[in-house]
Amino acid sequence: MSQLATSPNPEQQFLDTFQQAIETQRFERLILSQYKGELEQLEKMTFRVISLQNEAVLNCVYRYKTQDVTKNYPLSEAVAQVSALLGCCKQANLLTLDEDLQLKKNKKKAMLMVNKKKAMLMVNKKKAEVAPATVTQGHDRSKQRYVEQDSPFLQHLSITDQHGQIIPSMARKWKQINKFVEIFSGAVEQLNTQDQPLHIVDFGSGKGYLTFALYDYLAKHQQMPYVTGVELNPKMVAFCQQVAQDSGFQQLDFFQGDVRTYAPEQLDVMIALHACDVATDFAIHTGIRLNAQMIMCAPCCHKELRPQLQAPKVLQPMLHFGIHAGQQAEMLTDTIRALLLKAYGYETKVFEFVSLEHTSKNKMILATKRKDYTAPDAAVLAQIQALKELYGIQKHSLELLLNDQWDQQDIGRKC
Ligand SMILES: C[S@@+](CC[C@H](N)C(=O)[O-])C[C@H]1O[C@@H](n2cnc3c(N)ncnc32)[C@H](O)[C@@H]1O
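Small disclaimer: the values here were computed from a predicted structure and weren't measured.

Focus: the overall build of the protein chain
Step number 1: Regarding its fold elements, the protein chain presents twelve helices and 15 strands.
Step number 2: Taken across its 415 residues, the protein chain has 34% of its residues classed as buried.
Step number 3: Within the protein chain, residue pairs in contact and separated by at least 24 positions form 65% of the contacts whose partners lie at least 6 positions apart.

What follows is the structure in structure tokens.
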């Protein structure tokens, strides 16, 4: 980032760039933080352009200590709204397709840093000949890449070739990586990180596609995180260590070990994507135990509940079909995970991560810690018991772990 020390009025320059980005449809996101104004408990605001009934509007999420409030403004009011709030914030980050700006203020002066996105400019200039780039989010949102295609780590992972082109057989992976970073970036923005570097662990990191992508994304957005990938397979760990070194990712490392016994000291963001079977439960448990602010997992190979499942009488004709019983067991496994997260103080969403045409492993559980959490929610725990009774379930690993009832002898069981 270069510092614009000569700028006579950094705040005005910041606002002008914001206005221009809105007018030229090159605006991505604006974050105002370290709010010091009169609105009690307001911490930060995130602005995007979204499409509402085919009309572009400025969407703002106001993050208060214990809740989020969302408001939409006509684009014609965008600069006035932001201008009024900017004066009360000590930091502002503007992301556009061409550059990222960071405005920092203290009692004596304001400082503006600018990071030009040369690679993006080249790509988007080409697009501009056909149609202006648009970053409107919503139903009619255009394709926006969250990972820059010329990032060297993509070549090391054989996703792009030496010319920076996506290798055709990796097109689905490329789509999945971008979708993952898109979801991750949206959620991470809402965290109250207070500008501290995030401690992130990716449980069952495999070949590290997603681990590298999130490290690269955060590093490019001036949030240098500490990221660890945990993986059983020593060959994959050695490979990923080499790629991290070749990519110059100094705060990314890989640990050869078992997710079920790995115990980090600090954990802000827990990631477990396609970690096999109950490895997901161990990872979620570690996240809850260490009070992670965000837990993001895409469960896979659900084996634990299927043999225990007893169909309630009325569902017997449906669950008589093996495929349905498998789907029901999977849904029940993930419902209990989501409800346990909810009971232990997390706002939890379950949704399709990437469309089925790209992968069958497409479900994501995304949970963010509520600030007002005090104790497990008895009503939600009762809902879990009722579901277990209905389907005759005796054992769910995440529940046992949270209740300190997990049998250590089970650690020998193969994943
Ligand atoms: C399907 S891959 C997913 C890799 C990566 N997260 C992704 O989504 O691209 C699952 C990985 O989890 C690893 N794994 C499974 N059980 C594990 C355990 N108990 N501890 C550590 N790694 C495990 C496997 O070796 C495998 O590399």
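Still more ground to cover, so stick around.
A look at the site of the ligand
Step number 1: Surrounding the ligand, one finds 19 residues, the nearest of these being G204, G206, L232, V259 and L273.
Step number 2: Sorting elements by how many residues they give to the shell around the ligand places strand β12 (residues 269–276) first, with four residues.
Step number 3: For the shell around the ligand, the class distribution of residues is eleven nonpolar, five polar and three charged.

As for the packing of helix α10 (residues 322–343) against helix α11 (residues 378–391)
Helix packing for two helices is described by the angle between their axes and how far apart those axes are.
Step number 1: Interhelical geometry of α10 versus α11 gives an angle of 160 degrees and a closest axis separation of 9 Å. As the angle between them shows, α10 and α11 are arranged roughly antiparallel. Handedness of the crossing formed by α10 with α11: left-handed. Counting all contacts with α10, which are made through L332, T335, I336, L339, L340, K342 and A343, the residues of α11 involved are V380, L381, Q383, I384, L387 and Y391.
Step number 2: Within the contact of α10 with α11, the residues separate by chemical class into ten nonpolar, two polar and one charged.

Structural notes on helix α1 (residues 10–23)
Step number 1: For α1, which comprises 14 residues, the first-to-last C-alpha distance of 20 Å matches the rise-based estimate of 20 Å (1.5 Å per residue) to within 8%.
Step number 2: All of the buried residues in α1 are P10, F14, T17, F18, A21 and I22. Down the axis of α1, the smallest arc covering the buried residues is 135 degrees, so these residues share one side. Away from its buried face by more than 90 degrees, α1 exposes D16 and E23.
Step number 3: Each element contacted by the buried residues of α1 is listed here: β2 (27–35), α2 (78–86), β6 (89–96), β7 (99–105) and β8 (110–116).
Step number 4: Phi turns positive one or two residues past the end of α1, at Q25, with a value near 60 degrees.

Remarks on the sheet that holds strand β15 (residues 363–369)
In a beta sheet, neighbouring strands are held together by backbone hydrogen bonds and run either parallel or antiparallel to one another.
Step number 1: Strand order in the open sheet formed by seven strands is β11-β10-β9-β12-β13-β15-β14, and the pairing between neighbours is mixed. The sheet is open, and its two edges are formed by β11 (252–256) and β14 (346–352), each paired on a single side. Strand after strand, the sheet turns through a mean of 15 degrees between neighbouring axes, direction not considered.
Step number 2: In this structure, β12 lies alongside strand β13 (residues 294–300), joined through six bridges in parallel fashion. Of the residues in β13, the one forming a bridge with M270 is I295.

Regarding the confidence of the model for the protein chain
Interpretation of this model should avoid reading the predicted coordinates in detail wherever pLDDT is low.
Step number 1: Mean pLDDT for the protein chain: 85, with 87% of residues reaching 70 or above.
Step number 2: At the level of individual helices and strands, the protein chain shows its lowest average pLDDT in helix α3 (residues 118–130), which scores 36, and its highest in α11, which scores 97.
Step number 3: Contacts for the low-pLDDT stretch residues 118–142, under 50 throughout, to residues beyond four places or in other chains number 36 contacts.

Structural notes on the nonpolar core
Step number 1: Counting residues in each nonpolar core, the largest one holds 72 residues, and the members touching the most others are A213, L214, A283 and I295.
Step number 2: The greatest single-element share of this core, amounting to eight residues, is contributed by helix α6 (residues 209–220).
Step number 3: Ignoring anything within four residues of it in the chain, the contact list for A283 reads F203, V259, M270, A272, A275 and C297.
Step number 4: Within the second largest apolar cluster, 25 residues are counted, among which are I22, L30, M45 and V82.

Here we look at the packing of helix α5 (residues 171–189) against α6
Step number 1: Interhelical geometry of α5 versus α6 gives an angle of 50 degrees and a closest axis separation of 10 Å. Our classification of the angle between α5 and α6 gives oblique. α5 and α6 meet at a crossing whose hand is right-handed. Between α5 and α6, the contacting residues are K173, I177, F180, V181, F184 and S185 on the first element and Y209, L210, A213, L214 and Y217 on the second.

Some details on the environment of F180
Step number 1: On the secondary structure map, F180 appears in helix α5.
Step number 2: The sequence separation of F180 and L273 amounts to 93 residues, and the corresponding C-alpha distance is 9.7 Å.
Step number 3: Residues contacting F180, with those up to four places away along its chain left out, are L210 and A213.

What about the environment of I50?
Step number 1: Tracing the sequence through the fold places I50 in strand β3 (residues 42–52).
Step number 2: On the basis of neighbour count, I50 is assigned to the partly exposed category, with 18 C-beta atoms found within 10 Å.
Step number 3: Sequence separation between I50 and C60 is ten residues, and the spatial gap between their C-alpha atoms is 9.8 Å.

Details of unusual backbone geometry
Step number 1: In the Ramachandran plot, Q34 falls in the positive-phi region, its phi being about 55 degrees despite a non-glycine side chain.
Step number 2: Structurally, Q34 is set in strand β2.
Step number 3: Even without a glycine there, the phi angle at D277 is positive, about 45 degrees.
Step number 4: Along the chain, D277 turns up in the loop between β12 and α8 (279–289).
Step number 5: Residue classification places D277 among the partly exposed residues on the basis of 18 C-beta atoms within 10 Å.

Regarding the pairing of β11
On any regular strand, side chains alternate: one points to one face of the sheet, the next to the other face.
Step number 1: Inspection of the sheet shows strand β10 (residues 226–231) paired to β11 by five bridges, in the parallel sense. Across the sheet, residue V227 finds its bridge partner in β11, namely L252.
Step number 2: Following the chain from β10 across helix α7 (residues 234–247) to the adjacent parallel β11, one finds a crossover that is right-handed.

Concerning the pairing of β10
Step number 1: By the bridge criterion, five bridges tie strand β9 (residues 199–203) to β10 in an arrangement that is parallel. When the sheet's bridge partners are listed, F203 is paired in β10 with V230.

Rules behind the numbers
- Residues numbered from 1 in each chain as written.
- Predicted model: local features only at pLDDT ≥ 70, side-chain atom pairs only at ≥ 80, totals over all residues.
- Helix = DSSP H or I, 4+ residues; strand = E, 2+ residues; numbered from the N terminus.
- Buried ≥ 20, exposed ≤ 12 C-beta atoms within 10 Å, placed from the backbone.
- Contact = placed C-beta atoms within 7 Å.
- Near = placed C-beta within 6 Å.
- Nonpolar A, V, L, I, M, F, W, Y, C, P; charged D, E, K, R; others polar.
- Axes fitted to C-alpha atoms, helices over the stretch in contact; angles between N-to-C directions.
- Parallel < 35°, antiparallel > 145°, perpendicular 65-115°, else oblique.
- Left-handed = near helix turned anticlockwise from the far one by under 90°.
- Expected span 1.5 Å × (residues − 1).
- Arc of directions from axis to C-beta.
- Pairing = 2+ DSSP bridges.
- pLDDT = per-residue confidence, 0-100.
- Core = buried A, V, L, I, M, F, W, Y, C linked by C-beta atoms within 7 Å.
- Right-handed = clockwise from strand over helix to strand, strands pointing away.

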